[in-house]
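Chain by chain, the residues run as shown.
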Amino acid sequence: MKSLEAEGQALAKGPLQIQFLENTPINGYGFTSFQDKLNEIDLYPLKPTGIEIFQINLGKMCNQVCKHCHVDAGPDRKEIMTRETMDACLNAIEESGAHTVDLTGGAPEMNPDFRYLVEKLSGLGKKIIVRCNLTIIVANPRFHDLPDFFKKHKVEVVSSLPYFTAVKTDSQRGEGVFEKSIHALKKLNAVGYGMEQSGLILNLVYNPSGAFLPPNERDLKLQFQKKLRDKYGIYFNELFTITNLPISRFLDYLVKSDNYEAYMEKLIERFNPTAAHNVMCRNTISVGWDGFLYDCDFNQMLDLKLDIPDPHLNNFRRETFNIRNIVTNNHCFGCTAGAGSSCGGAISG
Amino acid sequence: MKTYYNPQDLKKFGNIGEFQKGLAEKFFDYYGETFKDGALTAREKSLIALAVAHTLQCPYCIDAYTTDTLEKGCDEEQMMEAVHVAAAIRSGSTLVHGVQMMNKVKDLSM
Ligand code: SF4
Ligand code: SF4
């Protein structure tokens, strides 16, 4: 499987996705835009509440090509953050006052300067989160020591595992991914990740393998805990449920499988005002591999830059950042449906 | 093409109150209450609903509870097992009536 970009598909391009999201009528609804919904609850324009989390996308390269990937990542993507841009990130992190740095990709570990950045961040005393796809740990001998490296820097590991069975996991993430993920989880457990009183946090991420919404986070966590423990002897801390946003490869899937309208209709129907008040872009900043700034990783993939003059790391000022209007569009319905969704899972009960 | 069953009609279920408001309200209150977590979890109830939907062979309910069980965290294997439970009870209840047939045959036979 290739990325949409490598296949030259129209929906690989952010502006075309936006055009599609704005202009495709939703059956039975005429059309309710996200802006209208925010207006209804006096939340438009959406404003930030401060910077707590500094999320950095280290590049689009990945060893997997998951069907739902909102980054359109894969081995064929070459966009990758340089050490120079990482240094600019480090300055901006100090300026921002963020307490947490969230590293994502692609597979962030594939960036040749990944360890350099983690070491620097560790020196700054920031909480570090790495969104690790698990299979990277067992993909190549040069990654085999990642669990020890994570442990050394007390990195919090957040990993996708869409289900506790191979069929469902592999149908979303690729043939053989489940088995490799189990192998990697065992390695993380072996150094203490996910184990009681180790202080080493291993959180899992569930996202639906199809055009439906995630289950209740608490209930699903109990199922995951039982199945992974009984069958594989695997332990983890929390399970985050994340809704698939209608962008990039998941959007392409929705359109091709004729699920787009029904899915959008469902997202709109389940609009939850409490979730809207707590969307993650209000306390997060997202940096792209080339140093441009965004409200979140989703906006980044749609090429919707921060609504400030010159939205680049080199001009980062906390004040401008805190008074901006957050750029929203209809993909945002994915963050506000049902219990809501963020990089940290559901956002309201 | 016109058909008796239209998937779009499922979304209009809530409109049954147009013709009889009071009873519809009572029904939907009861329905909502029934499917909440109780002595059984909402997930277990959803699987029962899926099985019953197959027994009734109601396309609306099969549509609704296929989505609902997925959204309650069930997988295909669990869902198909629920359908087998429905099928086993259906076939079992057919077959157990074979005893009546046997009784009658014995009554009538020398
Ligand atoms: S979802 Fe994650 S692991 Fe899968 S292709 Fe995208 S970046 Fe890679
Ligand atoms: S998609 Fe991004 S901008 Fe939109 S609500 Fe979600 S986090 Fe905020």
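Per an unreviewed UniProt entry, chain B carries the name 4-carboxymuconolactone decarboxylase and comes from Anditalea andensis.

Looking at an unreviewed UniProt entry, one finds chain A named Fe-S oxidoreductase and attributed to Anditalea andensis. Regarding chain A, the relevant UniProt record gives this comment under Cofactor (unreviewed entry): "[4Fe-4S] cluster".

A.B. asks: What exactly am I supposed to notice about the pattern of salt bridges here?
C.D. replies: Note that side chains of opposite charge can pair when their charged atoms are close. Throughout the structure, instances matching the rule amount to 23 salt bridges over all chains. Where Lys226(A) meets Asp230(A), a salt bridge forms, and the shortest distance between an N and an O atom there is 2.8 Å. A residue pair is termed a helical-turn pair when its members lie 3 or 4 positions apart in one helix, as Lys226(A) and Asp230(A) do in helix H10 (residues 217-232) at four residues. Looking at Asp230(A), the relative accessible area reads 49%, which means it is partly exposed. Asp9(B) serves as the salt-bridge partner of Lys12(B), at 3.2 Å between the closest nitrogen and oxygen. Residue Asp9(B) is classed as partly exposed on the basis of its relative accessible area of 26%. Salt bridges sharing common partners tie together Asp72(A), Arg77(A), Glu79(A) and Arg249(A).

A.B. asks: Explanation requested: the sheet that holds strand E4 (residues 156-160) of chain A in the structure shown.
C.D. replies: Pairing between the strands of a sheet comes from backbone hydrogen bonds, and it takes one of two forms, parallel or antiparallel. Residue and element names in this part refer to chain A. Taken in spatial order, the eight strands make up an open sheet running E6-E5-E4-E3-E2-E1-E7-E8, and their pairing is mixed. Each edge of the open sheet is held by one strand with a lone partner, namely strand E6 (239-241) and strand E8 (293-294). Here E4 pairs with strand E5 (residues 202-206) via four bridges, running parallel. Residue pairing across strands places Ser160 opposite Val205, the latter belonging to E5.

A.B. asks: Before we go on, may I ask you to explain the site of ligand 1 in this structure?
C.D. replies: Around ligand 1 sit Cys62(A), Gln64(A), Val65(A), Cys66(A), Cys69(A), Ala73(A), Gly106(A), Asn133(A), Arg173(A) and Arg249(A), and those are all the residues in its vicinity. Grouping the constituent residues of the shell around ligand 1 by class yields five nonpolar, three polar and two charged.

A.B. asks: When you look at the UniProt feature "domain: Carboxymuconolactone decarboxylase-like" (unreviewed entry) in chain B in this model, what are you seeing that I'm missing?
C.D. replies: Mapped onto the present numbering, the UniProt feature "domain: Carboxymuconolactone decarboxylase-like" (unreviewed entry) falls on residues 23-100 of chain B. Between the C-alpha atoms that bound residues 23-100 of chain B the distance is 40 Å, and the span itself is 82% helix and 0% strand.

A.B. asks: Explain the side chain of Asn207(A) to me, please; I cannot follow it from the model alone.
C.D. replies: Residues and elements named next belong to chain A. Mapped onto the fold, Asn207 is located in the loop between E5 and H10. Look at Asn207 and you get buried, because its relative accessible area is 4%. Other than its neighbours up to four places away in sequence, Asn207 contacts His68, Ser160, Pro162, Gln172, Ile242 and Asn244.

A.B. asks: What exactly am I supposed to notice about the environment of Asp258(A) here?
C.D. replies: Residues and elements named next belong to chain A. Counting through the fold element by element, Asp258 comes out in the loop between helix H11 (248-256) and helix H12 (260-269). When its relative accessible area of 69% is taken as the criterion, Asp258 is described as exposed. For the pair formed by Asp258 and Val130, sequence separation is 128 residues and the distance between their alpha carbons is 34 Å.

A.B. asks: Looking at this structure, how should I read the packing of helix H4 (residues 76-96) of chain B against helix H5 (residues 98-108) of chain B?
C.D. replies: Between two packed helices, both the angle of their axes relative to each other and the distance between the axes serve to describe the pair. Residue and element names in this part refer to chain B. Where H4 contacts H5, the two axes come as close as 4 Å, and the packing angle between them is 10°. Classified by the angle between their axes, H4 and H5 sit roughly parallel to one another. Together, Thr94, Leu95 and Val96 of H4 and Gly98, Val99 and Gln100 of H5 make up the contact between the two elements. In terms of residue class, the contact of H4 with H5 is made up of three nonpolar, three polar and no charged.

A.B. asks: I tried to follow the UniProt feature "domain: Cytochrome c" (unreviewed entry) in chain A on my own but got confused; where do I start?
C.D. replies: The UniProt entry lists residues 45-240 of chain A under the feature "domain: Cytochrome c" (unreviewed entry), expressed in the numbering used here. Between the first and last C-alpha atoms of residues 45-240 of chain A the distance is 28 Å; the span itself is 38% helix and 14% strand.

Conventions adopted
- Residues numbered from 1 in each chain as written.
- Chains lettered and ligands numbered in written order.
- Predicted model: local features only at pLDDT ≥ 70, side-chain atom pairs only at ≥ 80, totals over all residues.
- Heavy atoms only, no water.
- UniProt positions renumbered as here; feature names shortened; annotations may be inferred.
- Salt bridge = Lys/Arg side-chain N within 4 Å of Asp/Glu carboxyl O.
- Helix = DSSP H or I, 4+ residues; strand = E, 2+ residues; numbered from the N terminus.
- Buried < 20%, exposed > 50% of the residue type's maximum accessible area, 1.4 Å probe, protein only.
- Pairing = 2+ DSSP bridges.
- Near = heavy atom within 4 Å.
- Nonpolar A, V, L, I, M, F, W, Y, C, P; charged D, E, K, R; others polar.
- Contact = heavy atoms within 4.5 Å.
- Axes fitted to C-alpha atoms, helices over the stretch in contact; angles between N-to-C directions.
- Parallel < 35°, antiparallel > 145°, perpendicular 65-115°, else oblique.

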